[in-house]
Every structure is written in C-alpha cells, then in structure tokens.
Amino acid sequence: MKSPASFKKAAAWALPYWTRGQAGRETPQDLFRVLYFGWLVALTLKLLGSAWDVSWHFKWLRDDLAPPHLLNSAGTAIVVALTVIHGYTGYGVDKAALRLIQWGTGIFLVAVPLDLINHRVNGLDITSWSPSHILLYLGTFFMIAGVIRGWFMGAPSGRERTVVLGAFFAFFLENVHFPEQHQEYGILSIGAWDNHATYAEPILLQFAADQMGRPVDRTMMTGFALPVPDYLYPVYAVVAGLSVLVVARLMIGRFGGASLVAAAYVGFRTLIWPLLTFTGFPPSAVPFFLVVAGLLVDLVFLVRMPVVRAVLGSVGATAAAYGALVAQSTIMGGVYGALKGQEGLLGAPPPATSSALWAGLGLLVVWLAVEWVAEKRRPQAMEARVIATATP
C-alpha cells in the first residue's frame, strides 16, 4: 500500500499538468505514458469483468451488483476519469482521438441505464445480441478506437509502441468478438444438457422457462443458450473479427501483427478457461480458429498490391477461418469428448459452412475499404507522426 508521502509526490508531479488546453497539445513523454498505461489498467479491469460476466450469466440469475459488474465498473470509472483528463487538458490526444473517446464513453454511459431498464422490462434478455447490449459494445468500440489513434499518433517509435499498440488491438478484438461468446457458452450448455447435466442453477433455468412459457426441456434450453441463427457466428467472426486483424496488421506494420493480436486474445480466453471451470462456472468454446485466420492475414500482406491483397486475403482468410472452425468443432470436440464422455464439449458453435460465401464477400468489402482509407491517409499519417515525435 502506498504511503501518504507517495501520494503527495504523485500529486506534486500531476497537478502542474492540470491546466486547460486544446486537443493536440504538446504532451511530455512521461505524462503520455502515464495516461496510456492508465488506459491499459482500465481496459484490463473491463476485460476481466466482461470475461467473468458471460460465464456468470450462464449460471446465475442476473444481479446488477454481481461481482463481474463491479469489476467492470471499476474499469469504467478509470475510463471516465481519463476521458475527463484528456478533454480538459488536451494532453495525449489529437482532436479525432478525443472525439472518438468522448463519444464512445458517452454512448457507453447512456447504454448502461438503458440496459438496466431493458432487463427490468424484458426479464433475462440473456442474448448478447440485444439492442442495449450492442450499444455497450458500440460505445467501447469508439472508445478503444480513440485510444488506438491517440497512442498511434503520439507514441515514439520503438518496441514499446508496437507492443502497446498490439495490446490495445487485442482489447479491441475482445470487444468486437464479445457477443459471439453467447454461442460459445451456449453450445457447451446444450452439450451438457444432452449428457444429462446442466451448468445453470435451477432458479435460472426455471426463470427462463417461465419467461418462455414452457417447461424446462431441450427446446427451452436451445432458446436460452442458442437464440440466434447458426450462420451468425461464423459470418460475424469473419466480417467483424478478421477486419480488426486486417486493420491491426496495417497499423502495426510488421509481419505477425495480426497473428499476435489474435493469439493474445485467444491466449487470454484459454488462460481463464480453467480459472472459471475449476471454480464452478460454465465453460465456453475458445475461438482458436482466429489464430489460424490471423496467420493467413499476415501471410497475404506479403502481397504488395492493395486490391490484389484484399481479394486474395478475403478468400484465403475466410477459407482458413471456416476450415479451422470445422476442424475445431470435430477434432477438438471429439478428443475431449472421448476423455470426458461428453461429445463435442470443447468444440465450437455450428460452423454453418453454407454461409462462407456471404462472409467472404462481407470481408472483401470491408478489406477494400480499409485499404482505400489506408492509401488515402498514409501521407497525412506519416507527416503527423513526424510532428508528434519531433523534439526541440
């Protein structure tokens, strides 16, 4: 625990910076690092809270003051503080980054009471794809996009810049992929039911059954655990998830950027898997296929022509994602099932392979748009980076 003298020393360092200023203000490097390491702490707390939250909601009835919500709220409190600091002082951000952070934080804060009202009116609303939940993801989307831009534009070149940028993109990927966890938990809940076991507490199952107006049976379990079409999981993973990896590879600018961002997120999911399951919480499928798709994204960036790269990449990455998803569903699920007697327990949501064409086309549209924006803004970005890192 820090001593009062430590707090006084920190306050003495920080207070001179608490002055009004416009976004884009020249920022001392020690202050810049403190601000963005603060963002790393805030987003880590939100990550831990959200990871626990999905598992919690597949076991217990919803509670506004559940521990995962409190952990997430601690991260949100730091986010709000950092947003105020950036907005008041103008340090650490340009105008575009500040607007993204402010809009994102604002949308998130508006979405929180709307979500509470939604649960009061509609009961469980367990699906991650509900409008109020999507507002939460949207707010976080803009918020982290602003943080990525602020770090990208202001951090000096070097290993730290690359590593932290990759970390922010891993947080970004987690937020984008978050709603997919409903199917990743749901498919294992159905598998457990089919093997005469349940992860959810009886009070939660009965509440869901009463809300659906039917008994606690497999139809109710399917409506509770997999309430969305099968094709949504792979299509969204390819179009949204792989688009994040494409942007990450472009901005990191190094081979392996997309793979490492995907591996960081999947590694975190793999790490918390035993932590949750060994403490009695439901398990989830882990999206290992994202790492395979991320590697394909990195490989296709060896092609220098942006349009050709986008076409080849969208075809190759979609094929890699669907192929790895099918393999994960059959091989991993079968191996673990043989050991535990529960077929497909560590598999994956249904791959719905017939949707691959539409997923690939969606990724192609986004990838072409990303390449076009990157080509258009590359000279401006290079000039801004020179100005941001110049020393007197």
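A quick note: this is a predicted structure, and the numbers were derived from the prediction, not measured.

1. Description of the overall build of the chain
Line of reasoning, step 1. On a plain count of helices and strands, the chain comes out with 14 helices and zero strands.
Line of reasoning, step 2. Taken from N to C terminus, the helices and strands of the chain fall in the order α-α-α-α-α-α-α-α-α-α-α-α-α-α.
Line of reasoning, step 3. Counting all 392 residues of the chain, 49% fall into the buried class.
Line of reasoning, step 4. Look at the contacts in the chain between residues 6 or more apart in sequence, and 77% of them connect residues 24 or more apart.
Line of reasoning, step 5. Total accessible area on the chain is roughly 18,400 Å²; 70% of this is exposed by carbon and sulfur atoms.

2. Structural notes on the nonpolar core
Line of reasoning, step 1. Of all hydrophobic cores here, the largest spans 93 residues; its most connected members are Y36, W39, W151, F168, L242, F289 and W367.
Line of reasoning, step 2. Examining the composition of this core, we find that 12 residues originate from one element, helix α2 (residues 29-57), more than from any other.
Line of reasoning, step 3. Look past the residues within four positions of F168 in its chain and what remains in contact with it is Y36, W39, L40, L43, I144, V147, I148 and W151.

3. Re the packing of α2 against helix α11 (residues 257-277)
Line of reasoning, step 1. Their axes nearest at 11 Å, the elements α2 and α11 cross at an angle of 55°. Our classification of the angle between α2 and α11 gives oblique. The element α2 and its partner α11 pack so that their crossing is right-handed. Residue-level contacts link L47, L48, A51, W52 and S55 of α2 to F268, I272 and L276 of α11.
Line of reasoning, step 2. Partitioning the contact of α2 with α11 into residue classes produces seven nonpolar, one polar and no charged.

4. A word on a nonpolar patch on the surface
Line of reasoning, step 1. Side chains of F255, L295, L299 and L302 sit close together on the surface and give an oily, nonpolar patch of about 400 Å² of accessible area.
Line of reasoning, step 2. The topology assignment puts L295 in helix α12 (residues 289-300).
Line of reasoning, step 3. Its relative accessible area of 44% is what places L295 among the partly exposed residues.

5. Observations concerning the pattern of salt bridges
Line of reasoning, step 1. Counted under the stated rule, the structure contains five salt bridges.
Line of reasoning, step 2. Ionic pairing is found between E160 and R33, a salt bridge with its closest N-O pair at 2.9 Å. In this pair, E160 sits in helix α6 (residues 159-177) while R33 sits in helix α2, placing the two residues 127 residues apart along the sequence.
Line of reasoning, step 3. Classification of E160 as partly exposed rests on a relative accessible area of 35%.
Line of reasoning, step 4. R33 gets classed as partly exposed once you look at its relative accessible area, which sits at 36%.

6. Quick look at unusual backbone geometry
Line of reasoning, step 1. In this structure, A352 is a non-glycine residue whose phi angle is positive, near 45°.
Line of reasoning, step 2. Examined against the element boundaries, A352 turns out to sit in the loop between α13 (306-340) and α14 (356-389).

7. As for the confidence of the model for the chain
Line of reasoning, step 1. For the chain, mean pLDDT is 84; residues scoring 70 or higher make up 85% of the total.
Line of reasoning, step 2. Note on residues 334-345: pLDDT is under 50 here. Beyond four places in sequence and across chains, it has 18 contacts.

8. Side note on the packing of aromatic side chains
Line of reasoning, step 1. All told, the structure shown has 13 aromatic pairs when counted by the stated rule.
Line of reasoning, step 2. With a centroid separation of 4.7 Å and 35° between ring planes, the pair formed by F32 and Y36 is classed as tilted. Remark: Y36 and F32 occur in helix α2; sequence separation between them is four residues, near one turn of the helix.
Line of reasoning, step 3. Residue class for Y36 comes out buried when judged on its relative accessible area of 0%.

9. Overview of α12
Line of reasoning, step 1. With 12 residues, α12 extends 17 Å between its outermost C-alpha atoms, agreeing within 8% with the 16 Å of an ideal straight helix rising 1.5 Å per residue.
Line of reasoning, step 2. Listing the buried residues of α12 in full gives F289, L290, A293, G294, V297, D298 and V300.

10. Here we look at the packing of helix α7 (residues 181-194) against helix α9 (residues 218-225)
In a packed pair of helices, the relevant descriptors are the angle between the two axes and the axis-to-axis distance.
Line of reasoning, step 1. The N-to-C vectors of α7 and α9 enclose an angle of 165°; their axes lie 9 Å apart at closest approach. Judged by the angle between their axes, α7 and α9 are roughly antiparallel. For the pair α7 and α9, the sense of crossing is right-handed. On α9, the residues that touch H182, G186, S189, I190, W193 and D194 of α7 are R218, M221, T222, F224 and A225.
Line of reasoning, step 2. Across the contact of α7 with α9, the residue classes tally to five nonpolar, four polar and two charged.

11. Considerations on the side chain of S314
Line of reasoning, step 1. Tracing the backbone through its elements, the reader meets S314 in helix α13.
Line of reasoning, step 2. Note on S314: relative accessible area 3%, which makes it buried.
Line of reasoning, step 3. Among the polar contacts listed, one links the side chain of S314 to the backbone oxygen of V311, at a separation of 3.0 Å.
Line of reasoning, step 4. Beyond its immediate chain neighbours, meaning those up to four positions away, S314 contacts G360, L363, L364 and W367.

12. Details of the environment of I144
Line of reasoning, step 1. Position of I144 relative to the elements: it lies in helix α5 (residues 131-154).
Line of reasoning, step 2. Under the relative-accessibility criterion, I144 is labelled buried at 2%.
Line of reasoning, step 3. C-alpha separation for the pair I144 and F171, spaced 27 residues apart in sequence, amounts to 7.8 Å.
Line of reasoning, step 4. Each residue touching I144, except ones within four places of it in the same chain, is listed here: L43, F168, F171, F172 and N175.

Quick notes on the rules
- Residues numbered from 1 in each chain as written.
- Predicted model: local features only at pLDDT ≥ 70, side-chain atom pairs only at ≥ 80, totals over all residues.
- Heavy atoms only, no water.
- Helix = DSSP H or I, 4+ residues; strand = E, 2+ residues; numbered from the N terminus.
- Buried < 20%, exposed > 50% of the residue type's maximum accessible area, 1.4 Å probe, protein only.
- Contact = heavy atoms within 4.5 Å.
- Areas by Shrake-Rupley, 256 points an atom, 1.4 Å probe, with all protein chains shown as cover.
- Core = buried A, V, L, I, M, F, W, Y, C linked by side-chain atoms within 4.5 Å.
- Axes fitted to C-alpha atoms, helices over the stretch in contact; angles between N-to-C directions.
- Parallel < 35°, antiparallel > 145°, perpendicular 65-115°, else oblique.
- Left-handed = near helix turned anticlockwise from the far one by under 90°.
- Nonpolar A, V, L, I, M, F, W, Y, C, P; charged D, E, K, R; others polar.
- Patch = residues over 30% accessible without salt bridge, like charges linked within 9 Å, V, L, I, M, F, W, Y side chains within 5 Å.
- Salt bridge = Lys/Arg side-chain N within 4 Å of Asp/Glu carboxyl O.
- pLDDT = per-residue confidence, 0-100.
- Phe/Tyr/Trp six-rings, centres within 6.5 Å; stacked < 30°, edge-to-face > 60°.
- Expected span 1.5 Å × (residues − 1).
- Polar contact = N/O pair within 3.5 Å; in protein donor to acceptor, adjacent residues only side chain to side chain.

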